[in-house]
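# Tertiary structure, described
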Amino acid sequence: MLWLAKHRDLREHPHKLLENCRTIVTLVYPYSAIKPSTPDGFSVARYTELPKTDYHNRLRRLGKDLAESIKKWYPGSKTRVCVDSAPILERSLAYASISGFIGKNNMFIIPDYGSYLFLIEILTSADLPLLPTSPMKNKCGSCSRCIEACPTGALERPFSIDASKCLSYLTIEYKEEVDSITGEQMGKCFFGCDICQEVCPFNDRKSAKEFVLPQIDEWLRMTTEEFDMQFGRTALARAGLKKIRSNIQALRPHSR
Ligand code: SF4
Ligand code: SF4
């Protein structure tokens, strides 16, 4: 989590990410509401979109297509495409685009769609003509389902998150093994967490499960070579087999 503090300056000054940055274009791209699952009832976060390859490369390619067009329209301009790859206030920028609002769960929400969305930013030195806008008002109203449902208390209050308590961090980026208390809080999800999105009425769509993952015992027997072959190009590779296995070990005693 030191990363957040370390890059504060860059987040507040995008021209340090791209010289002469004049405009930031935000694109939203939906991900499936289908939850990648094991046949024995365990799952991972939806954004992994298994068995598809890691979203970073797929989305960067999409962003680059538009970035190339901007460079053609504005000869001499420079662009940089970001997909979780640079310290940038991506949700705030999406909010400024007026197509949605930031919910009490800190997610960017488009009212008619929900929050299962990837965000892509294109920084450009081109001075794109923009209409004056006013950001969308928050539409959570008196709802507080996400705060009540968060199993770790990471959503301490509306619009605020203690990321060090969030299961999305603890089960992916956190280098140590999670403890058994965290394992209990994880329920049956061993990579990431969708709970504060699942309970949100703006994501009120039927969300099926798709059995695209091996049974939980197979994960514990899997070799690194097998993992690399099956998941090496997916979002799961970000955590790696050792971390995933330790997550499973932590949640298993509580999930029977
Ligand atoms: S992702 Fe899970 S742990 Fe993190 S804030 Fe949302 S509900 Fe809480
Ligand atoms: S669950 Fe309710 S409070 Fe939380 S983001 Fe969705 S609408 Fe807002």
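Residues numbered from 1 in each chain as written. Chains lettered and ligands numbered in written order. Predicted model: local features only at pLDDT ≥ 70, side-chain atom pairs only at ≥ 80, totals over all residues. Heavy atoms only, no water.

## Quick notes on the sheet that holds strand β6 (residues 117–124)
If you trace the three strands from one edge of the open sheet to the other, you get β1-β6-β3, paired in antiparallel fashion. Pairing within the sheet leaves two strands with one partner each, and these edge strands are β1 (23–30) and β3 (79–82). With strand direction ignored, the average angle separating the axes of adjacent strands in the sheet is 20°. Two elements, β1 and β6, share eight bridges in a ladder whose sense is antiparallel. (Pairing = 2+ DSSP bridges. Helix = DSSP H or I, 4+ residues; strand = E, 2+ residues; numbered from the N terminus. Axes fitted to C-alpha atoms, helices over the stretch in contact; angles between N-to-C directions.)

## Describing the site of ligand 1
Around ligand 1, the surrounding shell consists of C150, P151, T152, A154, L155, I161, C166, L167, S168, C193, I195 and C196. Of all the secondary structure elements, the ones that give two or more residues to the shell around ligand 1 are α6 (167–170) and α8 (195–198). A class-by-class count of the residues in the shell around ligand 1 yields ten nonpolar, two polar and no charged. (Near = heavy atom within 4 Å. Nonpolar A, V, L, I, M, F, W, Y, C, P; charged D, E, K, R; others polar.)

## Some words on the domain arrangement of the protein
In terms of domain boundaries, the protein breaks down into domain 1 (9–31 + 55–124) and domain 2 (145–254). A straight line from the C-alpha centre of domain 1 to that of domain 2 covers 25 Å. On the side of domain 2, 16 residues touch domain 1, which itself brings 17 residues to the contact. Between domain 1 and domain 2, the buried area comes to about 1300 Å², and carbon and sulfur atoms account for 56% of it. (Domains from an automatic or database assignment. Contact = heavy atoms within 4.5 Å. Buried area = accessible area lost by both parts, 1.4 Å probe.)

## Considerations on the site of ligand 2
Near ligand 2 the following residues occur: G103, K104, N105, I109, C140, C143, R145, C146, C200, P201 and F202. Partitioned by chemical class, the residues of the shell around ligand 2 number seven nonpolar, two polar and two charged. Of the domains in this structure, domain 1 (9–31 + 55–124) and domain 2 (145–254) are the two that each give at least three residues to the shell around ligand 2.

## Description of unusual backbone geometry
Backbone torsion omega between L50 and P51 reads 10°, so that peptide bond is classified as cis. Structurally, the position occupied by P51 is in the loop between β2 (35–37) and α3 (55–73). The phi dihedral of N20 falls on the positive side, at around 60°, and the residue is not glycine. Looking at the element boundaries, N20 is found in the loop between α2 (8–12) and β1.

## Some details on the nonpolar core
Side chains of nonpolar character tend, in soluble globular proteins, to be buried together. Counting residues in each nonpolar core, the largest one holds 42 residues, and the members touching the most others are F190, F191, W219, L236 and I244. Taken together, the elements giving at least two residues each to this core come down to α3, β6, α6, α9 (216–221), α10 (224–231) and α11 (241–251). Top element by residues in this core is α11. It accounts for five residues. In this structure, this core is formed jointly by two domains, domain 1 (9–31 + 55–124) and domain 2 (145–254), each of which donates at least three residues. (Core = buried A, V, L, I, M, F, W, Y, C linked by side-chain atoms within 4.5 Å. Buried < 20%, exposed > 50% of the residue type's maximum accessible area, 1.4 Å probe, protein only.)

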